[in-house]
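# Report on the structure
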Amino acid sequence: MLMRFLLCCGLATVAVSTQAMTLYKSVDANGLVFISDRYTPGALAFVIQERKVERPMLVVPKPNRPQQAYRYPLPWRGGPFRLTQGPNGTFSHTDSKSRYAMDIAMPEGTPIIAARSGMVVKTENEQVGRGNDASGNFVRVRHDDGSEAVYLHLKQGSVSVRVGQRVAVGNPLGLSGNTGNSSGPHLHFVVQRATEAGLVSIPYEFNQPVGALPNFALGN
Ligand SMILES: [Zn+2]
């Protein structure tokens, strides 16, 4: 691979070219010597060679890789927390809307932050306990590529964004909770895409292991 890269780079060789120029030398009555690029009667023509050295140039080939999928920073502050159900989890990640969701156990009241920038398109903030919506309280953010991230089971009254608001990575959305179809305090994080058949869960990856230490560099 390295060899291929080096070959592709092709260090352009040092090019030496010469340029010729004709000058005319004449001497006046006082013995002063004049040199000009214009001919005057009696002048002596001579040719000079100008050496021109070009600097070596590094030619870097354009990378020919497919565009990398977006990798989500962990959407909470604090931790480390534990992944309790992953994609295709048999407990509840079995239908098309939640197949690739991940559940992360965390204490109620953990700050939930946007993992990707976009526009808030739906929220629920009033549900108590199990309530009648399996999602509990949630925030749905539509990203610029049309995909949507949903942060579910949030604490009642904790949602701090409104529909139509733009959020950037790291902006607070609410606090984690245990509302809706939730068997213990956790965040259900899912990325979906609208299709003719409705919203479907699509695979995604975090940019670090879920159980990793908080990334203090990111302020998490
Ligand atoms: Zn879940």
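Residues numbered from 1 in each chain as written. Predicted model: local features only at pLDDT ≥ 70, side-chain atom pairs only at ≥ 80, totals over all residues. Heavy atoms only, no water.

Relative to the helices and strands, V121 resides in strand β8 (residues 118–124). Counting along the chain gives 21 residues from V121 to R142, while the straight-line C-alpha distance between them is 6.4 Å. Those residues in contact with V121 that sit more than four places away from it in its chain are R140, R142 and V163. (Helix = DSSP H or I, 4+ residues; strand = E, 2+ residues; numbered from the N terminus. Contact = heavy atoms within 4.5 Å.)

To continue, consider the nonpolar core. Counting 26 residues, the largest nonpolar core has W76, Y151, F189 and F206 as its most contacted members. Mapped onto this core, the elements with two or more residues apiece are β6 (102–105), β9 (137–142), β10 (148–154) and β13 (186–195). (Core = buried A, V, L, I, M, F, W, Y, C linked by side-chain atoms within 4.5 Å. Buried < 20%, exposed > 50% of the residue type's maximum accessible area, 1.4 Å probe, protein only.)

Our next topic: unusual backbone geometry. Here the amide bond leading from G79 into P80 is cis, since omega sits at 5 degrees, within 30 degrees of zero. With respect to the helices and strands, the residue P80 is situated in the loop between β4 (71–72) and β5 (82–85). A positive phi angle, near 60 degrees, is found at N88, a position not held by glycine. Here N88 is to be found in the loop between β5 and β6. Taking relative accessible area as the criterion, N88 reaches 46% and is therefore assigned partly exposed. The residue H153 is not glycine, and still its phi comes out positive at about 70 degrees. Examined against the element boundaries, H153 turns out to sit in strand β10.

Each pocket or cavity is described by its volume, and for the largest pocket that value is around 530 Å³. S98, A134, S135, L152 and H188 are the residues nearest the centre of the largest pocket, which is lined by 29 residues in total. Listing elements by their share of the lining of the largest pocket, those giving two or more residues are β5, β6, β9, β10 and β13. Here the lining of the largest pocket is composed, by residue class, of nine nonpolar, 14 polar and six charged. (1 Å grid on protein atoms, 1.4 Å probe; cavity = no way out; pocket = protein on both sides within 12 Å on 5 of 7 lines; lining within 4 Å. Points joined across faces, edges and corners; volume = space filled by probe spheres on them. Nonpolar A, V, L, I, M, F, W, Y, C, P; charged D, E, K, R; others polar.)

This part covers the side chain of H188. Mapping H188 onto the fold places it in strand β13. Relative accessible area serves as the criterion here: at 9%, H188 is assigned to the buried category. Within the local environment of H188, its side chain forms a polar contact with the side chain of H93, the two groups lying 3.3 Å apart. The contacts of H188, once residues within four sequence positions are left out, are H93, S98, A101, M102, D103, V150, Y151, L152 and H153. (Polar contact = N/O pair within 3.5 Å; in protein donor to acceptor, adjacent residues only side chain to side chain.)

To continue, consider the packing of aromatic side chains. Counting across every chain of the model gives ten aromatic pairs. Between Y72 and Y204 the ring centres are 5.6 Å apart and the planes differ by 70 degrees, which places this aromatic pair in the edge-to-face class. In this pair, Y72 sits in strand β4 while Y204 sits in the loop between β14 (198–201) and β15 (205–206), placing the two residues 132 residues apart along the sequence. Per residue, the accessibility class of Y72 equals that of Y204, and both read buried. Classification of Y204 by relative accessible area gives buried; the value is 8%. Members of the aromatic cluster, each reached through a chain of ring pairs, are Y70, Y72, W76, F81, Y151, F189, Y204 and F206. (Phe/Tyr/Trp six-rings, centres within 6.5 Å; stacked < 30°, edge-to-face > 60°.)

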